[in-house]
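Reading the structure
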Number of protein chains: 2
Amino acid sequence: MHDERLVTRVAYQYYIQNLTQSQIAKNLNIGRSTISRLLTQARQQHIVSININTADAGLLELEAQLKAQYHLRNVDLIDSTHSDLDLALAKEAAQYLKQIIKPNNLVGLSWGASLALMVGQLDHPKAANATFVPLVGGPSAANAKYHVNTIVYDLAKKFMGNSVFINATAVQESRYLRDGIMNAKYFQELARDWAHLDIALVGIGGPLNHKTTSRWRDLLTPEDQAMLKEQRAIGDCCCTFYDANGKLLAPDLQKRTIAISLDTLKRTPIRIAVARSKEKVPAIKALLKMGVVNTLITDNETANQLLH
Amino acid sequence: MHDERLVTRVAYQYYIQNLTQSQIAKNLNIGRSTISRLLTQARQQHIVSININTADAGLLELEAQLKAQYHLRNVDLIDSTHSDLDLALAKEAAQYLKQIIKPNNLVGLSWGASLALMVGQLDHPKAANATFVPLVGGPSAANAKYHVNTIVYDLAKKFMGNSVFINATAVQESRYLRDGIMNAKYFQELARDWAHLDIALVGIGGPLNHKTTSRWRDLLTPEDQAMLKEQRAIGDCCCTFYDANGKLLAPDLQKRTIAISLDTLKRTPIRIAVARSKEKVPAIKALLKMGVVNTLITDNETANQLLH
DNA sequence: ATCACACTTGCACAAATGTTCAACGAAATT
DNA sequence: AATTTCGTTGAACATTTGTGCAAGTGTGAT
């Protein structure tokens, strides 16, 4: 342990005057290695303190905590005080995707309002020559604007890449119909893609009774809905429902669903969820615990609630 | 110029989470060079601030200012709140000397209370095998304790080195006497040493009328004193008097003085002055402006007054 | 005094960081 | 539209920093 006076002196010359360690060593007639060690000591003993002075520095702290608590690869937060939160979130997701996408990547997408919004927010995308594939079947109505195919197609266009379409709704009337579709040669290719994704980008569905219940859920029969309610579903990801403990629900419904399975999804290296709101907190939390996604883009309010 | 959001993010990972630049680059999918640049930007824009939390961090700031203002090689300050300031100063000077002295150095010393005190404060000196020489003649009375020779001898003993004595008082009765002495072969050797010093350690004398007028000044004749007063002497270094503008005074007295000349002194690479007190401020200031010394050891009160 | 131990130092190497340069791409100008 | 200009980027190189190791130094016990 060294003289505090000396430590301070060294820290001052290094951090305030920006001298190199060699210069300081010459000044003080001490070996350079010692300077290096004195500086580590200065940091350990908090003789020097380093602060970050920005409004959103707190966000980063939150990100780190969340990342640690759920063992995530990454967390990206936006400030909850934005006027249009959903828009801001979409923009952030767009930037994030742009940042991590690499040439020839295979990118899978589910859908939902967040993802649809995202596409529009993508500015100056780079030519990645990536391939974009849907992870779930389409919604009931042929509402082009929110159709998975539209999302995938627009995204591919912006990135100068290719896209693959999906020609079926997410939920079929019977498991036989569903199996039939999935056994088609074209679907087999899609399934193969699902197993080799580089990046997956998914939304998270909240509880069934929530007002803004998303468009596609009209595909569920009243029986499905009853069943899910009974089993305490708190949300879905890629049309797979689960409860607060991460238990997958409604196996019968599952078998009528055309979508990537959560297990397959888990094989993707980068699995990003984009979701926010108080209502979705339990759904997000369960999904994180299950390890289905390893990257989360949300706002700080949601993040705060996820910490407990 | 980059996105502040990104800069903050990078700064956080680097300074708070202690990741390396390469790791951050991988996280954010950015080239490492860019991270380096972002960090410089973060510092420039004060997005990160680095503080030093020590009582005497302010001293260092003062030191830096003083150093800049007078173009000094180094400044070493002690805290003015010490109970015995002169003792503390002596101790600091001792440590400083110990720190910078190198094997076989040739070290010159003037005298004064500060330097005398210093010798006693030198603990655990290293064997430097240095040579110590007086820069000025002795005082009038044969007060062994404060004699230059004593200082030089004691110091040499502590450093396991050699010392050279001086066998004359600082001021002679006539220039002829003085010239005679200085022409002696032994003095010629001393003079040669003066021209090749590695380190010079000097005190600074304050104004004449000051109460604690130092011991040696009884060598001055009443005429000398009158002359100096008339020419507005504010202090001396190595028995050479000067005024506030750095003009050397009393050439007649000079010619009767046995001491290194300030010009010769200036040829020494490391020239340290040890002095403090309100009264000596003008003397110190003038000496610094003249460039006679390039290293100053004092207390922060004196330092503050020197800044204006 | 001698030994043993803990602790510090400097050297040499490994890792991390800063910087130059050439190529690229976006805006602005013709 | 073609061309110029400006600013950004990554790769390679130069510099700076961190660290394991062996040698040195002081301290305390025997």
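Residues numbered from 1 in each chain as written. Chains lettered and ligands numbered in written order. Predicted model: local features only at pLDDT ≥ 70, side-chain atom pairs only at ≥ 80, totals over all residues. Heavy atoms only, no water.

1. Remarks on the overall build of chain A
Each helix and strand counted, chain A has 14 helices and 10 strands in total. As displayed, chain A has an accessible area near 14400 Å², and 50% of this comes from carbon and sulfur atoms. (Helix = DSSP H or I, 4+ residues; strand = E, 2+ residues; numbered from the N terminus. Areas by Shrake-Rupley, 256 points an atom, 1.4 Å probe, with all protein chains shown as cover.)

2. A few points about the pairing of strand β10 (residues 295-299) of chain A
All names here are of chain A. Burial within β10 is extensive, with 5 of its 5 residues counted as buried. Going residue by residue along β10, you find Thr295, Ile297 and Asp299 tucked away on one face and Leu296 and Thr298 tucked away on the opposite face as well. Bridge analysis of strand β2 (residues 74-78) against β10 gives 5 bridges, and the strand direction is parallel. What sits directly across from Asp76, in β10, is Ile297. In terms of strand pairing, strand β9 (residues 270-274) meets β10 through 3 bridges, oriented parallel. Bridge pairing in β10 links Val274 to Ile297. (Buried < 20%, exposed > 50% of the residue type's maximum accessible area, 1.4 Å probe, protein only. Pairing = 2+ DSSP bridges.)

3. A word on the interface of chain B and chain A
Tallying the contact residues gives 33 residues for chain B and 35 residues for chain A. Summed over both partners, the interface of chain B with chain A comes to about 3100 Å²; 46% of that surface belongs to carbon and sulfur atoms. Summed over the shared surface of chain B and chain A, the number is 8 salt bridges. Here Arg5 of chain B makes a salt bridge to Glu92 of chain A, at a shortest N to O gap of 3.5 Å. At the boundary of chain B and chain A, one finds 13 residue pairs in polar contact (both at pLDDT 80 or more). Secondary-structure elements contributing two or more residues to the side of chain B that touches chain A are α1 (4-16), β1 (48-52), α4 (57-70), β2 (74-78) and α5 (85-100) of chain B. Of all the elements, α1 of chain B adds the most residues to the side of chain B that touches chain A, at 8 residues. Grouping the constituent residues of the side of chain B that touches chain A by class yields 15 nonpolar, 9 polar and 9 charged. Two elements, strand β1 (residues 48-52) of chain A and β1 of chain B, share 5 bridges in a ladder whose sense is antiparallel. Bridge pairing in β1 of chain B places Val48 of chain A opposite Ile52 of chain B. (Contact = heavy atoms within 4.5 Å. Buried area = accessible area lost by both parts, 1.4 Å probe. Salt bridge = Lys/Arg side-chain N within 4 Å of Asp/Glu carboxyl O. Polar contact = N/O pair within 3.5 Å; in protein donor to acceptor, adjacent residues only side chain to side chain. Nonpolar A, V, L, I, M, F, W, Y, C, P; charged D, E, K, R; others polar.)

4. Quick word on the relation of the copies chain B and chain A
When chain B is fitted to chain A, the best match, at an RMSD of 0.4 Å, comes from turning it 178° and sliding it 0.0 Å along the axis. The operation mapping one copy onto its partner corresponds to a two-fold rotation axis. Of the C-alpha atoms belonging to chain B, the one lying closest to the rotation axis is found on Ile50 of chain B, 2.2 Å away. Taken together, the interface assignments show that 100% of the residues at the interface of chain B recur at the interface of chain A, consistent with an identical surface on both copies. (Least-squares fit on C-alpha atoms with pLDDT ≥ 70 in both.)

5. Here's the deal with the sheet that holds strand β5 (residues 162-163) of chain B
To summarise the sheet geometry, strands pair through backbone hydrogen bonds and adopt either a parallel or an antiparallel arrangement. Read from one edge to the other, the open sheet built from 7 strands follows the order β2-β10-β9-β6-β3-β4-β5 (chain B), with strand pairing classed as parallel. Each edge of the sheet is formed by a strand with only one pairing partner; in this case those strands are β2 and β5 of chain B.

6. So, empty space enclosed by the protein
Here the structure, examined in full by the defined rule, presents 1 cavity of 30 Å³ or more. Here the largest cavity is characterised by a volume of approximately 40 Å³. Lining the largest cavity are Arg5, Thr8 and Arg9 of chain A together with Asp56, Leu59, Leu60 and Glu63 of chain B. Mapped onto the lining of the largest cavity, the elements with two or more residues apiece are α1 (4-16) of chain A together with α4 of chain B. (1 Å grid on protein atoms, 1.4 Å probe; cavity = no way out; pocket = protein on both sides within 12 Å on 5 of 7 lines; lining within 4 Å. Points joined across faces, edges and corners; volume = space filled by probe spheres on them.)

7. Quick look at the packing of helix α6 (residues 113-121) of chain A against helix α7 (residues 148-158) of chain A
Residues and elements named next belong to chain A. One way to put it is that α6 packs onto α7 with a least axis distance of 10 Å and a crossing angle of 25°. The angle between α6 and α7 falls in the class roughly parallel. With respect to the hand of their crossing, α6 and α7 are arranged in left-handed fashion. Of α7, the residues touching α6 (which contributes Leu115, Ala116, Met118, Val119 and Gly120) are Ile151, Asp154, Leu155 and Lys158. By residue class, the composition of the contact of α6 with α7 is 6 nonpolar, 1 polar and 2 charged. (Axes fitted to C-alpha atoms, helices over the stretch in contact; angles between N-to-C directions. Parallel < 35°, antiparallel > 145°, perpendicular 65-115°, else oblique. Left-handed = near helix turned anticlockwise from the far one by under 90°.)

8. Description of the pairing of strand β9 (residues 270-274) of chain B
All names here are of chain B. With 5 of 5 residues buried, β9 lies mostly within the body of the structure. In terms of strand pairing, strand β6 (residues 199-203) meets β9 through 5 bridges, oriented parallel. Considered in β9, the bridge of Ile199 is made with Ile270. This β-α-β element, β9 to helix α13 (residues 281-290) to strand β10 (residues 295-299), shows right-handed connectivity. (Right-handed = clockwise from strand over helix to strand, strands pointing away.)

9. Examining the side chain of Thr268 of chain A
Relative to the helices and strands, Thr268 of chain A is located in the loop between α12 (262-265) and β9. Other than its neighbours up to four places away in sequence, Thr268 of chain A contacts Leu197, Asp198, Ile199 and Ala200 of chain A.

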